[in-house]
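Structural features, examined
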Amino acid sequence: MSLLEVTHLSVDYGGVHALRDVSVKVPDKSVVSIIGANGAGKSTLLKTIVGLTRQSSGTVQLDGQDISRLKPHERLDRGIVLCPEGRRLFPDLTVNENIRIGAYRMRDSKKFRQRLEFLHDIFPRVAERGNQIASSLSGGEQQMVAIARALISQPRILMLDEPTLGLAPKLILEVAKLVQTINREGITVVMVEQNAKLALKISDYAFVLETGSVTLEGRSADLLLSDKVQNAYLGGE
Ligand code: ATP
C-alpha cells in the first residue's frame, strides 16, 4: 500500500479547472516529483493534499485512511507538511523564531530542542544564523530555513513546492543533496519542480502534469530517457 494516495482528484477555482481526475501514488520512504509547466496545477495538488485547497471531487488517503475532509492542522498532526513556494518566511523574525513557528503544534519543549539539534546537524548554516533576521539571509539560506521550519514538526511526508526557484546553480545542487539527506532519514518527499532534470535525477517516481491532468508517470530514471519528456521538459538534450 502507498503511504499517500490521491485518487481521481479534481479542483475548480470558480470556473477554472485547476486539476482534473488526478491520481498519484506515493510509496513510503520514496521521493516523488511532480513536473510540468507554469499553471499546470502542481501547487494546487500540494495545497489540496495538505488541506489548504478543497477538492470538488476525489480523495486523499494516508495509510489507506481518507483524510480529505480533515483540516490542515489535523493533516499536519498526521505527519504531512508543506514547504510552500516562495518560502513564506516571516521577514522580521529571526531564523530561530521562524523555525519555532513550524513547531506550533508541538507541546513538549524538550522534544523541540532535540529536534532543533538534529536539524542544526543537517543545516549547519541555519544553526550559525539562528539569531539573524530572516530577511537578511540570501535566497538559498532562506530556502534552507523554510525547509528546516517544515521539518521541525517531524513529518512523515515533506512536500516541497519549487525548492530551487530563483537559486544559483551551486545552491540548487545543495538543495538537491539536502532532499536526499532528508529522504535517507526516512522522510518521504513529494517535490514540485520546474527544473525537471534535477527533479528526475533525485526522485524515484515522477508524474507529469499538463493543464491539470497527469499525462505521464513512471520511474524517474525511465522518464529521463523518454522522448516526450526530453522534448517537452529537458530541451531535447
Ligand atoms: P506555477 O508553477 O506557476 O505555480 P502550478 O503548476 O503550480 O504553476 P497552480 O498554481 O496550481 O499551477 O495553478 C493551476 C491553475 O489554477 C492555473 O490556471 C492558475 O491560474 C489557477 N489558480 C491557481 N490558484 C488560483 C486561485 N486561488 N484562484 C483562481 N485560480 C487559481
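What counts, and where the lines are drawn
- Per chain, residue numbering runs from 1 following the sequence as it is written.
- This being a predicted model, a pLDDT of at least 70 is required before a residue's local features are given, and a value of 80 or more before pairs of side-chain atoms are given or counted; all residues contribute to the totals for chains, interfaces and linings.
- Remark: hydrogens and water are excluded; side-chain values derive from all non-hydrogen atoms of the structure.
- UniProt positions are given in the numbering used here, feature names are shortened, and annotations may be inferred rather than shown by experiment.
- Remark: exposure states derive from per-residue accessible area (1.4 Å probe, protein chains only) relative to the maximum for the residue type, with buried under 20%, exposed over 50%, and partly exposed in between.
- Helix and strand assignments follow DSSP, with helices taken as H or I runs no shorter than four residues and strands as E runs no shorter than two, numbered in order from the N terminus.
- One requirement defines pairing of two strands: DSSP has to find at least two bridges between them.
- Any two residues having at least one pair of non-hydrogen atoms within 4.5 Å are treated as being in contact.
- Salt bridges are defined as contacts in which a side-chain nitrogen from Lys or Arg sits within 4 Å of a carboxyl oxygen from Asp or Glu.
- Segmentation into domains, and thus their bounds, comes from an automatic or database assignment.
- Joining two parts hides part of their accessible area as seen by a 1.4 Å probe, and the buried area is that hidden amount summed over both.
- Each residue is assigned to one class: nonpolar for Ala, Val, Leu, Ile, Met, Phe, Trp, Tyr, Cys and Pro, charged for Asp, Glu, Lys and Arg, and polar for all the others, Gly among them.

- Under an unreviewed UniProt entry, the name given to the chain is ABC transporter ATP-binding protein, and the source organism is Noviherbaspirillum sedimenti.
- Turning to the chain, the UniProt record has this under Sequence similarities (unreviewed entry): "Belongs to the ABC transporter superfamily."

1. Quick word on the pairing of strand β3 (residues 31-35)
- Most of β3 sits out of view: five of its five residues are buried.
- Covered by surrounding structure in β3 are Val-31, Ser-33 and Ile-35 together with Val-32 and Ile-34, the residues of both alternating faces.
- With five bridges joining them, β3 and strand β8 (residues 188-193) adopt parallel strand pairing. Its bridge partner being in β8, Val-32 is matched across the sheet by Val-190.
- The pairing of β3 with strand β9 (residues 205-210) spans four bridges and is classified as parallel. Looking at the pairing, Ile-34 lines up with Phe-207 of β9.

2. Comments concerning the environment of Phe-207
- Note on placement: Phe-207 falls in strand β9.
- With 13 residues separating them in the primary sequence, Phe-207 and Ser-220 have C-alpha atoms 8.6 Å apart.
- Look past the residues within four positions of Phe-207 in its chain and what remains in contact with it is Ser-23, Val-24, Lys-25, Val-32, Ser-33, Ile-34, Ile-35, Val-214, Leu-216 and Glu-217.

3. Overview of the pattern of salt bridges
- Considering all chains together, one arrives at seven salt bridges under this definition.
- For Arg-129, the salt bridge goes to Glu-128, with nearest N and O atoms at 3.3 Å.
- Residues Lys-228 and Glu-210 are paired through a salt bridge, measuring 3.4 Å at the closest nitrogen-oxygen approach. Of this pair, Lys-228 sits in helix α10 (residues 227-233) while Glu-210 sits in strand β9, and the two are 18 residues apart along the sequence.
- Among the charged side chains, a network of salt bridges with common partners joins Arg-125, Glu-128, Arg-129, Glu-141 and Glu-174.

4. Points about the domain arrangement of the chain
- Each assigned domain of the chain is listed with its residue range as follows: domain 1 (2-79 + 155-233) and domain 2 (89-154).
- When each unit is reduced to the centre of its C-alpha atoms, the spacing between domain 1 and domain 2 is 23 Å.
- Residue-level contacts link 18 residues of domain 1 with 16 residues of domain 2.
- With both sides pooled, the region where domain 1 packs onto domain 2 buries about 1400 Å², and carbon together with sulfur makes up 72% of that total.
- By the criterion of area lost to domain 2, the three top residues of domain 1 are Leu-76, Pro-155 and Leu-178, representing 34% of everything that side buries.
- If you look at where domain 1 meets domain 2, you find one salt bridge.
- By residue number, the principal contributor to the side of domain 1 that touches domain 2 is helix α7 (residues 169-184), which donates six residues.
- Broken down by class, the residue content of the side of domain 1 that touches domain 2 amounts to eleven nonpolar, two polar and five charged.

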